[in-house]
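Observations on chain architecture
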Amino acid sequence: MGRLDIPIRRTTYEVAFKESVAALRDAGLPFACMGSLALWALGGPTPNLQQDLDFAICEEDVETAKSALRDAGFAIQQPPEDWLFKAWSGEVEGPDSALVDLIHRPAGLRITPDLLTRCERRGLLALDVGVLSATDLLVTKLHAITEQNADYGSTLQFARSLRERIDWTALAQRASTTPFGMSFLVLVELLGIAPDRTLSTQLQSDVRLRDLLAGTPGLQDEFGPSPSQLEHLAQAIAEDERSSTLDIHVGTTRGRITLHGEATNEHHRAEVEDVVRSLAPGLDVDNRIRVRDFSATSTTAEQIS
Amino acid sequence: MIRIAAIGDVHVGLDDAGSIAPALVDLHDHADVLLIAGDLTRHGDPAEAEVLARELADVQVPVLVVLGNHDHHLDRSADIVRVLTEAGLQVLEGDFVRLELAGSTLGVVGAKGFGGGFEGACGSEFGEPEMKSFIRHTRGIADELRELVVAADADHVVALLHYAPTAETCAGERREIFPFLGSYLLGEAIDAGRVELALHGHAHHGTERGTTTGGTPVRNVARPLVGVAYRRYELGASRHAPANDGLRGLAPVPAAT
Ligand SMILES: [Fe+2]
Ligand SMILES: [Fe+2]
């Protein structure tokens, strides 16, 4: 592994990295690299280290870590967020200070001593440090996505470059707990980043994700009625005496059968639904058939000849 | 002048009593004849035809109908014809009827028609017996229609079908099902005589107005399409208006509603 290429304040960051690692190690605290530095250590995209260095520590070690870093010359800052503290290599928020984030409760991940000691070891800037697994890192990245910052670019890039290192089955379970994670799982499946179909097979048990994928071409066979199954249903509706009309369209939305079209009265409308329920027991039916009135008459005649 | 009321695809079911009659109470004020373009019933049950017959019982003008595919579903079309005929309706199955109306005669050529497709995308009498009999059925009806049209003797002639004689009035349906909606052979047959207006239904999601290849005005009166109890047409109204002579199908038309 080559050296980090950090064009600005290289020395400051290098020093901050080495000193914080030494302080935590000498205090006997388990810790691991996370953030973009860890992604890079695992073979991911080259990080932009202008911002910060990230370490994961256990919640019960927070106070010990603070004093260890303070003793090593760092300025400790506790921001309003209760899931991390900051250690500055110089003065707090100083222009020449390097920032180290010590995170004990990252989104989507529980840091335990066991997790940290089991971390894969990597050589970073000539130091042997633990690095969070690609799956854990991706989960925390996905949990950081918000409506205001719904940028999937870096997570997709990460997933693509580390696809072999990601435990997709575990990721599917852990990422599908948020809308952004679910969307990400759809993206990696459709973009071919996740291994062929294993993701969607695993995710069949997730009702919300199944619903989300139900309208996706090529995935219906796993997540809802296939086009040919729908056609069988449409044929059966057309052939059943209770519903024989050309005006019922059968579709599927989010894993449910949807019925569109027209009926002349409420009874007819309900009958069509009964037919579908008897043909496809267990499937949700969304009856959007409207009852139409044809009692109006034309007010003008068309003059043909 | 002859005033025609027309509708198609009423698809009457056993629970539709009272759904049609109220809109027809003043029909005679607007029309001299009522033409119904097939799919009278929901699935071809004679009991459904009885419901329709009762709905039409108080109509004071002649009612002429053709059957549609739905009226054939239970293989009881003969019973349906009997029910409707006994109720005073005229069921045209490859028939010509001449009516004396308002001082002139109206000839109605009526047949169910069938599918097969339109120019450029047609089935042919080739291959399996089922395919051959499909197209043969259409050809048989079209040939019959042609003879009736050629021989039709009346001041005004109207063709009443269930299936479409032109692709134009099917536009709106999915292209893939056009061969099941009608046949250009029906249009050709209509063009063999002096039909002034061809009416049909069946293409519920089609287009209301079109012409045959030969220029005969075609109107799709499928009720789900027109959305009203019936459409009204007038024939011979412009007889004394030279500007419109010879421009069949191009006469200025008031917007229908
Ligand atoms: Fe119909
Ligand atoms: Fe029909």
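Residues numbered from 1 in each chain as written. Chains lettered and ligands numbered in written order. Predicted model: local features only at pLDDT ≥ 70, side-chain atom pairs only at ≥ 80, totals over all residues. Heavy atoms only, no water.

Residues and elements named next belong to chain B. Reading across the sheet, the six strands line up as β5-β6-β9-β10-β12-β11 and stay open at both edges, with mixed pairing between neighbours. Each edge of the sheet is formed by a strand with only one pairing partner; in this case those strands are β5 (95-101) and β11 (209-211). The sheet shows a mean angle of 25 degrees between the axes of neighbouring strands, direction not considered. (Pairing = 2+ DSSP bridges. Helix = DSSP H or I, 4+ residues; strand = E, 2+ residues; numbered from the N terminus. Axes fitted to C-alpha atoms, helices over the stretch in contact; angles between N-to-C directions.)

Before going further, it helps to spend a moment on the interface of chain A and chain B. Taken together, the contact pairs 27 residues of chain A with 40 residues of chain B. Scanning the region where chain A abuts chain B turns up three salt bridges. On inspection of chain A and its partner chain B, the count reaches 16 residue pairs in polar contact (both at pLDDT 80 or more). For the side of chain A that touches chain B, the element with the highest residue contribution is helix α13 (residues 266-279) of chain A, accounting for three residues. Grouping the amino acids of the side of chain A that touches chain B by side-chain chemistry returns five nonpolar, 13 polar and nine charged. (Contact = heavy atoms within 4.5 Å. Salt bridge = Lys/Arg side-chain N within 4 Å of Asp/Glu carboxyl O. Polar contact = N/O pair within 3.5 Å; in protein donor to acceptor, adjacent residues only side chain to side chain. Nonpolar A, V, L, I, M, F, W, Y, C, P; charged D, E, K, R; others polar.)

Okay, the sheet that holds strand β4 (residues 90-91) of chain B next. The six strands lie next to each other as β12(A)-β13(B)-β1(B)-β2(B)-β3(B)-β4(B), forming an open sheet whose pairing is mixed. A strand with exactly one partner marks an edge of an open sheet, and here the two such strands are β12 (302-303) of chain A together with β4 of chain B. Here four bridges tie strand β2 (residues 33-37) of chain B to strand β3 (residues 63-66) of chain B, and the two strands are oriented parallel to one another. Across the sheet, B:Leu35 pairs through a bridge with B:Leu64, a residue of β3(B).

Residues and elements named next belong to chain A. Within the element layout of this structure, His 104 appears in the loop between β5 (99-103) and α4 (113-117). As for His 104 and Phe 55, which are separated by 49 residues in sequence, their C-alpha atoms are 8.5 Å apart. With residues near it in sequence (within four places) discarded, His 104 still touches Ile 57, Cys 58, Glu 59, Val 62, Asp 82, Trp 83, Leu 84 and Ile 111.

Residue and element names in this part refer to chain A. The N-to-C vectors of helix α12 (residues 227-239) and α13 enclose an angle of 130 degrees; their axes lie 10 Å apart at closest approach. Taken together, α12 and α13 sit at an angle that is classed as oblique. α13 is crossed by α12, and the crossing has right-handed handedness. Facing Leu 233, Ala 236 and Ile 237 of α12, the residues of α13 in contact are Val 272, Val 275, Val 276 and Leu 279. A per-class count over the contact of α12 with α13 returns seven nonpolar, no polar and no charged. (Parallel < 35°, antiparallel > 145°, perpendicular 65-115°, else oblique. Left-handed = near helix turned anticlockwise from the far one by under 90°.)

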